[in-house]
Amino acid sequence: MSTEEKAAAAASAANGNGNGNGNGTAAQGLSIVARTQGQLVRRRFFRHRGAMISLTILVLVILLAYTSIGFAGIPGWWIWNYYTPGKVVNRGAPTLSLWPTFLGGDGFAIGEHPFGQDDLGRDYFALTMRGAQISILIAFVVGIVGTLIGVIIGALAGYYRGWVESGLMRFTDVMITIPILVIAAVLGQKFGGAGPLVLAIVIGLVLWTGLARLIRGEFLSLREKEFVEAARALGAKPTRIIFRHILPNTVGVITVAATLLIANAILLETALSFLGFGVRAPDTSLGLLVSTYQNAFATRPWLFWWPGLFIITIALTVNFIGDGLRDAFDPRQNRVRA
Amino acid sequence: MSAQAVPTPSSYEHLLDVHDLVMEFPVKGGGIFRKVIGKVQAVSGVTMYLDAGETLGVVGESGCGKSTTGRAILQLHKPTSGSVTLRGKELTTMSNEDLRGVRRNLQIVFQDPYASLNPKMPVNDIIGEALKIHGLWEKDGLDRVGDLLKLVGLSPEHGNRYPHEFSGGQRQRIGIARALALEPEVLILDEPVSALDVSVQAGVVNLLEDLQDTLGLAYFFIAHDLSVIRHISDRIAVMYLGKVVETGTRDAVYNEPKHPYTVALLSAAPEADPNSERSRQRIMLTGDVPSPLNPPSGCRFRTRCWKAQDICAAEEPPPIDHGGGHLVACHFPVTDISKETASAALHAARGFSSGDPREGRQEALRRVESVESALDIAKGPVGGGGG
Amino acid sequence: MTVPPTTPPDDVPGGSVYGPAAEEATELFQIYEPPDGAELAAARGKSISSVGSVEVLKVEDLTVGFPTEDGLVRAVRGVSYSLHEREVLGIVGESGSGKSVSSMAVMGLLPKGARITGDISFRGTNILSMSKQEQRSLRGRKIAMIFQDPMTAMNPVYTVGFQLAEAVLSHEVMSKKAAMARAEEMLNLVGIPQPKERLNSYPHEFSGGMRQRAMIAMAVINNPDVIIADEPTTALDVTVQAQILEKLIEVKDAFNAAIVLITHDLGVVAGMAHRTLVMYAGRPVELGKTEDVFYSPRMPYTAGLLGSIPSAGETGRLRPITGAPPSLINLPDGCPFSPRCPLATDICRTVEPELAPTDAPDHLGACHHWDRLAAAPDPTAFFRTESEARR
């Protein structure tokens with residue numbers, strides 16, 4: 001008897017005997033508006049006020065940074081660039097004024113150099129934007145590289161266990177015990193001159209450890225789940241189990257961890273550049289700007305504040321978005337006891 | 001006829017034969033290399049068989065190794081020793097590649113309908129995956145999935161929904177459909193209805209019975225619910241701490257239980273009948289199941305058994321046939337249940353914690369107070385009345 | 001190889017230490033005389049009538065709602081019951097019926113977001129209108145709770161003795177030593193061997209059954225009037241379950257406490273409860289003496305539930321109730337059971353029936369057509385035939 005025949009026979013048998021929980025149940029149980037997991041997560045994320053505000057601000061900052069002075073040869077709308085020196089006007093003080101006239105201020109005005117000028121007369125707004133571009137670029141590349149490595153190592157260790165796990169996790173432990181800043185500084189000094197992209201990859205090679213541990217933990221628990229056992233019982237090969245069954249169920253954890261990794265990367269890049277191991281002149285980054293003008297803090301504080309403000313804004317908004325994602329992926333929110 | 005005969009590959013006696021199956025799990029210590037510091041024997045020499053089209057009910061309490069046995073048969077855990085043969089072919093020594101072929105014939109349905117379906121996959125993919133893995137997915141693949149859904153009493157239109165949109169009973173049906181996709185002969189049902197509400201359980205049990213009738217499936221039905229096991233099984237194996245203590249036909253095990261553990265288990269199961277519940281006398285076992293890390297010597301049940309004697313600690317009782325394949329592994333099989341109820345009560349009373357003999361006696365008196373009902377157990381066994 | 005059957009050694013009654021035991025047992029029978037049916041009934045009747053007349057707990061029109069993203073989940077919709085001294089009230093229902101939530105409300109253990117209305121009074125005083133301080137002193141002392149999973153209900157970092165003593169000290173002024181002595185006494189009472197040594201054990205060093213015993217000890221250590229037991233034996237094996245239930249009854253009698261027993265296991269309720277409350281979709285649908293509810297159900301849901309359990313005598317097909325329980329967010333109009341009920345008529349789909357007296361004043365049912373069940377000699381069988389006829 002072929003499957004079809006068997007199926008038809010049994011189906012008619014089941015229905016003929018008035019199988020109680022059959023179609024009636026199906027129709028009824030599904031009368032509630034059903035949403036996919038993804039829809040639920042999206043809905044929760046969009047309702048997370050802090051995350052939404054942060055996301056808006058971050059998008060605005062990214063747009064501002066990349067459109068204002070242009071990027072990769074594409075010209076921007078801002079009149080100055082970040083490398084041509086000019087005549088220093090009024091000790092390079094910012095011309096931006098947000099103080100309205102009725103409160104005794106100068107009224108709203110952008111002026112010639114809203115963020116002021118540096119020692120060489122370069123427009124500080126353009127410089128800050130360039131710094132933000134590089135910092136954001138590095139952060140995202142680090143996020144991608146670190147997540148990839150972390151997921152691969154964590155997944156292998158968590159799925160195969162045994163000596164694979166021991167080897168990979170001991171390696172991870174060794175990486176964790178060495179202070180990140182020290183490794184990054186050594187690598188940064190070697191590769192910092194090779195441009196921000198190389199620097200980003202190098203930092204990514206250092207920052208994956210936390211993610212690897214997290215993913216390993218997820219894999220360890222998911223591989224014992226019954227649906228994974230069911231796949232093994234069907235005869236599925238490891239690659240299928242890893243990519244079709246386990247990995248899709250770790251998307252939430254990976255997304256949250258990657259976001260927080262990006263926030264971390266921004267701070268690490270800042271610290272490295274501040275110490276002189278990161279991005280080098282003539283290019284610039286937010287960390288480098290802060291470091292260059294740390295001595296001007298007392299006399300020309302805007303040279304310190306502007307890049308600082310952007311570092312804080314980017315790091316904070318990314319962190320808030322990470323929090324929002326974590327809340328959105330957390331299934332415990334909807335749990336009701338009965 | 002004997003369950004212990006090792007079948008030769010060319011001819012086989014039973015569809016599925018499990019012989020002296022042992023399953024050990026290492027216990028790892030702390031430290032860097034996590035050295036193995038001991039082992040838990042979850043299954044210690046289990047021998048049982050399953051014929052085509054029949055249902056073997058495997059009962060026992062948590063930790064008795066019944067689920068591990070099921071998984072070891074499927075080679076989801078590699079058994080430590082022993083043999084599992086399906087149609088005369090030895091599974092324990094097979095390569096993964098060959099096992100993949102065997103798995104078409106041997107499938108499993110899990111207990112927890114919430115954990116056993118991948119939440120990120122729509123139902124069509126969950127059921128169709130089996131076909132894809134075995135290269136059976138053709139143009140009509142979706143239709144076959146639809147047929148399978150119909151087969152388990154669901155509508156094919158629901159195939160593109162995700163598991164969380166279904167109720168527990170429906171999910172369990174999806175799990176059954178997945179197991180049936182490869183047209184197996186043997187289904188291992190690991191507590192398939194334990195996680196479901198009572199009114200839904202009945203529907204799934206009915207479905208399983210219908211499928212067995214139409215598709216000629218053999219069931220290895222693992223459960224702790226004695227009433228469900230009694231309803232669905234042809235034969236029953238009772239497990240305790242990794243061993244089979246009693247096997248036999250359903251009627252033999254339920255009506256004339258011979259192993260003290262079976263007797264106690266049957267007498268402890270509550271039934272939904274207030275009068276018989278209140279009047280009946282239970283055999284109250286003392287204590288809990290011992291740890292499988294350090295099982296008792298000899299008979300493993302002796303630490304809780306009211307009939308235990310020196311020989312029980314010294315010698316492990318072999319399974320003895322009491323007629324019709326009713327195998328009982330006990331030095332002192334039960335013959336008269338009513339008598340046992342009283343002596344078990346007395347035994348429990350003696351072991352009573354306070355150590356005050358008077359209190360123990362009081363306890364014993366209270367326990368044997370309505371001994372008449374114990375006689376009822378002997379006549380019509382547990383669950384005599386019904387609702 | 002077939003091993004020949006051995007001679008059962010029963011003709012030699014034990015032959016060792018247990019030999020005299022069997023004799024003693026027979027002797028006991030003679031002292032006690034196997035009671036005949038009437039005597040047995042009298043003995044059982046005694047335990048039923050031993051329920052006091054004083055009402056200790058009264059729940060009136062309790063509702064609990066949880067606001068969620070999808071709307072208000074109406075988990076409990078108007079539960080009312082009363083509990084008398086030494087009484088065991090069984091609350092049965094399937095998952096999502098609101099049986100646990102209603103008792104969590106009594107214990108004040110619901111999350112902050114929960115919306116609770118109605119009255120819960122303990123010996124005449126309304127708990128919900130009390131100050132937080134007063135509520136706390138009542139809960140744990142006069143109303144105690146036993147949870148399903150003792151492993152999560154006990155703190156793993158403290159010894160069992162410490163936790164028991166803590167339970168006493170948080171409600172009474174006494175020395176630590178006296179509290180420990182009380183703890184030891186309680187462990188002994190619930191049948192834990194070597195209680196003194198066991199005081200210094202941590203919860204994970206106990207087996208499942210022992211932990212549940214310790215949990216019972218903790219619940220009764222302050223001599224409570226009401227014990228709420230939420231699925232106390234669901235996590236345990238049958239042979240251990242029997243021990244624990246018996247211990248629970250013993251302890252109840254020793255302390256004159258009343259028990260609210262919440263479970264999905266009809267067998268447990270049948271053996272333990274004086275009265276039974278059946279819940280469905282957040283509402284009580286039947287309340288009465290356990291025998292009445294089990295032998296002459298007056299709500300089709302109860303009849304269907306009882307009929308769906310596999311029973312010993314039958315080998316035929318089981319009779320599930322068609323359909324699934326409704327969503328608590330989006331309840332159907334009228335009786336929530338009407339979509340699954342073979343007796344449902346138009347009125348059932350428009351008007352939700354109140355829980356009202358049926359053929360006996362103390363047997364309440366929430367059904368427009370309870371009289372049809374009453375007219376049938378066996379309501380469970382009647383429900384089955386009706387269900388089949390409707391298909």
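Residues numbered from 1 in each chain as written. Chains lettered and ligands numbered in written order. Predicted model: local features only at pLDDT ≥ 70, side-chain atom pairs only at ≥ 80, totals over all residues. Heavy atoms only, no water.

Quick look at the overall build of chain B now. From N to C terminus, chain B includes 14 helices and twelve strands. Counting over 387 residues, chain B shows a buried share of 63%. Across chain B, the fraction of contacts at a sequence separation of at least 24, relative to all contacts at a separation of at least 6, is 64%. For chain B, the accessible surface area stands at approximately 13,700 Å², while carbon and sulfur atoms represent 50% of it. (Helix = DSSP H or I, 4+ residues; strand = E, 2+ residues; numbered from the N terminus. Buried < 20%, exposed > 50% of the residue type's maximum accessible area, 1.4 Å probe, protein only. Contact = heavy atoms within 4.5 Å. Areas by Shrake-Rupley, 256 points an atom, 1.4 Å probe, with all protein chains shown as cover.)

Moving on to the overall build of chain A. Check the secondary structure of chain A and you find 14 helices and zero strands. Listing every helix and strand of chain A by position from the N terminus yields α-α-α-α-α-α-α-α-α-α-α-α-α-α. For chain A, buried positions account for 47% of its 338 residues. For chain A, the proportion of contacts with a sequence separation of at least 24, taken over those separated by at least 6, is 71%.

On to unusual backbone geometry. A positive phi angle, close to 65°, is found at glutamine 75 of chain B, a residue other than glycine. By the secondary structure assignment, glutamine 75 of chain B is in the loop between helix H1 (66-73) and strand E4 (81-86). In the Ramachandran plot, aspartate 61 of chain C falls in the positive-phi region, its phi being about 50° despite a non-glycine side chain. Within the secondary structure, aspartate 61 of chain C sits in strand E1 (residues 55-68).

This paragraph deals with the pairing of strand E3 (residues 88-92) of chain C. Working note: regular strand, side chains alternate between the two faces of the sheet. Residue and element names in this part refer to chain C. Of all five residues that make up E3, five are buried, and the element is covered over most of its length. Alternating positions in E3 separate into two faces, Val88, Gly90 and Val92 on one and Leu89 and Ile91 on the other, with burial throughout. Pairing analysis gives five bridges linking E3 to strand E8 (residues 258-263), with the strands arranged parallel. Each bridged residue has a counterpart across the sheet, and for isoleucine 91 the counterpart in E8 is isoleucine 262. Bridge analysis of E3 against strand E9 (residues 275-280) gives four bridges, and the strand direction is parallel. Its bridge partner being in E9, valine 92 is matched across the sheet by valine 278. (Pairing = 2+ DSSP bridges.)

Together, Ile144, Leu148, Ile152, Leu156 and Tyr160 of chain A give the surface a local cluster of nonpolar side chains, amounting to about 480 Å² of exposed area. Along the polypeptide, isoleucine 152 of chain A turns up in helix H5 (residues 124-160). (Patch = residues over 30% accessible without salt bridge, like charges linked within 9 Å, V, L, I, M, F, W, Y side chains within 5 Å. Salt bridge = Lys/Arg side-chain N within 4 Å of Asp/Glu carboxyl O.)

In this section: the nonpolar core. Inside soluble globular proteins, nonpolar side chains tend to come together where they are buried. In terms of nonpolar packing, the biggest core is built from 147 residues, with Ile127, Ile176, Leu180 and Leu211 of chain B touching the most fellow members. Residues in contact with isoleucine 127 of chain B, not counting those within four places in the same chain, are Val145, Leu148, Leu149, Ile174, Ala177, Arg178 and Ala181 of chain B. By size, the runner-up hydrophobic cluster in this structure holds 110 residues, among which are Val76, Val226, Met299 and Leu373 of chain C. (Core = buried A, V, L, I, M, F, W, Y, C linked by side-chain atoms within 4.5 Å.)

A few words now on the pattern of salt bridges. Working definition: two side chains of opposite charge can pair if their charged atoms are close together. Inspection of the entire model under this criterion finds 37 salt bridges over all chains. For the salt bridge of arginine 304 of chain B with glutamate 61 of chain B, the shortest nitrogen-to-oxygen distance reads 3.9 Å. Taken together, the positions of arginine 304 of chain B in the loop between helix H10 (274-279) and helix H11 (310-314) and glutamate 61 of chain B in the loop between strand E3 (55-59) and H1 put the pair 243 residues apart, joining distant regions of the chain. Ionic pairing is found between glutamate 184 of chain C and lysine 196 of chain C, a salt bridge with its closest N-O pair at 3.5 Å. Of the two residues, glutamate 184 of chain C sits in helix H7 (residues 176-189) while lysine 196 of chain C sits in helix H8 (residues 195-198), which places them twelve residues apart along the sequence. One salt-bridge network, held together by shared partners, links Glu226 and Glu229 of chain A together with Arg71 and Asp190 of chain B.

All right, on to the side chain of threonine 263 of chain C then. Residue and element names in this part refer to chain C. By the element assignment, threonine 263 lies in strand E8. On the basis of relative accessible area, threonine 263 is assigned to the buried category, the value being 4%. Within polar-contact distance, the side chain of threonine 263 engages the backbone nitrogen of aspartate 265 at 2.8 Å. The residues contacting threonine 263, other than those within four sequence positions of it, are Ile91, Val92, Gly93, Lys99, Glu231, Val268 and Val269. (Polar contact = N/O pair within 3.5 Å; in protein donor to acceptor, adjacent residues only side chain to side chain.)

Our next topic: the packing of helix H9 (residues 209-222) of chain A against helix H12 (residues 251-275) of chain A. Residue and element names in this part refer to chain A. Two elements in contact, H9 and H12, have axes separated by 11 Å at closest approach and are oriented at 170°. The orientation of H9 relative to H12 falls into the category roughly antiparallel. Contacts from Leu211, Leu214, Ile215 and Glu218 of H9 reach H12 at Val253, Ile254, Ala257, Ala258 and Leu261. (Axes fitted to C-alpha atoms, helices over the stretch in contact; angles between N-to-C directions. Parallel < 35°, antiparallel > 145°, perpendicular 65-115°, else oblique.)

Turning to the sheet that holds strand E5 (residues 125-126) of chain C, a few remarks are in order. All names here are of chain C. Within the open sheet, the four strands sit side by side as E2-E1-E4-E5. Their pairing is antiparallel. A strand with exactly one partner marks an edge of an open sheet, and here the two such strands are strand E2 (71-84) and E5. Where helix H3 (residues 99-107) meets the sheet, its contacts fall on E1, E2 and strand E4 (115-122), and the angle it forms with E1 comes to roughly 110°.

Moving on: the sheet that holds strand E1 (residues 16-28) of chain B. Residues and elements named next belong to chain B. Strands sit in the order E2-E1-E4-E5 across an open sheet of four strands; the sheet is antiparallel. The open sheet is flanked by strand E2 (36-50) and strand E5 (89-90), the only strands paired with a single partner. The pairing of E1 with E2 spans eleven bridges and is classified as antiparallel. Following the sheet pairing, lysine 28 is matched in E2 by valine 36.

Segments scoring low in pLDDT should not have their predicted coordinates read at a detailed level. Residue and element names in this part refer to chain A. For chain A, the mean per-residue pLDDT works out to 77, and 81% of the residues sit at or above 70. The low-confidence segment residues 1-34 (pLDDT under 50) makes 66 contacts with residues lying over four places distant or belonging to another chain. Within the model, the stretch residues 333-338 combines pLDDT values under 50 with 16 contacts to residues more than four positions away or in other chains. (pLDDT = per-residue confidence, 0-100.)

This paragraph deals with the environment of arginine 43 of chain A. Positionally, arginine 43 of chain A belongs in helix H3 (residues 37-46). Relative accessible area serves as the criterion here: at 21%, arginine 43 of chain A is assigned to the partly exposed category.

Judged by its relative accessible area of 5%, glutamine 75 of chain B is buried. What glutamine 75 of chain B contacts, discounting residues up to four positions off in sequence, is Val84, Leu91, Thr92, Leu99 and Arg103 of chain B.

So, on to helix H4 (residues 49-68) of chain A. Since the α-helix advances by 3.6 residues per turn, residues separated by three or four positions end up pointing in the same direction. All names here are of chain A. With 20 residues, H4 should reach 28 Å at 1.5 Å per residue; the first-to-last C-alpha distance of 28 Å fits that figure. Residues of H4 that are buried include every one of Ala51, Ser54, Leu58, Val61, Ala65, Tyr66 and Ser68, and no others. Glycine 70 sits one or two residues past H4 and shows a positive phi near 75°. (Expected span 1.5 Å × (residues − 1).)

So, about the packing of helix H6 (residues 160-169) of chain C against H7 of chain C. The relative placement of two packed helices comes down to the angle between their axes together with the axis-to-axis distance. All names here are of chain C. One can describe the packing of H6 onto H7 by two numbers: an axis separation of 8 Å at closest approach and a directional angle of 115°. Of the possible angle classes, the one that applies to H6 and H7 is roughly perpendicular. The way H6 lies across H7 gives a crossing that is right-handed. Each of Val160, Gly161, Phe162, Leu164, Ala165, Val168 and Leu169 in H6 lies in contact with H7, whose residues at this interface are Lys176, Ala179, Met180, Arg182, Ala183 and Leu187. Residue composition of the contact of H6 with H7, grouped by class: ten nonpolar, one polar and two charged. (Left-handed = near helix turned anticlockwise from the far one by under 90°. Nonpolar A, V, L, I, M, F, W, Y, C, P; charged D, E, K, R; others polar.)

The subject of this paragraph is H1 of chain B. All names here are of chain B. For H1, the buried fraction is high: seven of the eight residues fall into the buried class. Among the residues making up H1, those that are buried are Lys66, Thr68, Thr69, Gly70, Arg71, Ala72 and Ile73. A positive phi of about 65° marks glutamine 75, the residue just after H1.

What follows covers a negative patch on the surface. Residue and element names in this part refer to chain C. A surface patch of like charges, here negative, comprises Glu55, Glu60, Asp61, Asp119 and Glu354. Per element, the largest residue contribution to the negative patch is three residues, and it comes from E1. Position of glutamate 354 relative to the elements: it lies in the loop between helix H13 (300-308) and strand E11 (356-357). (Lys, Arg positive; Asp, Glu negative; His and termini not counted. Charge placed at Lys NZ, Arg CZ, Asp CG, Glu CD.)

Residues and elements named next belong to chain B. Here chain B shows a mean pLDDT of 82. Residues at 70 or above account for 86%. Looking across chain B, the model is least confident in helix H14 (residues 372-379), with a mean pLDDT of 37, and most confident in E3, with 95. The model gives residues 1-10 a pLDDT under 50, and that stretch makes 21 contacts with residues more than four places away or in other chains. The low-confidence segment residues 352-387, where pLDDT is below 50, has 75 contacts with residues more than four positions distant or belonging to other chains. Here the complex is predicted with pTM 0.78, and the ipTM for its interfaces comes to 0.77.

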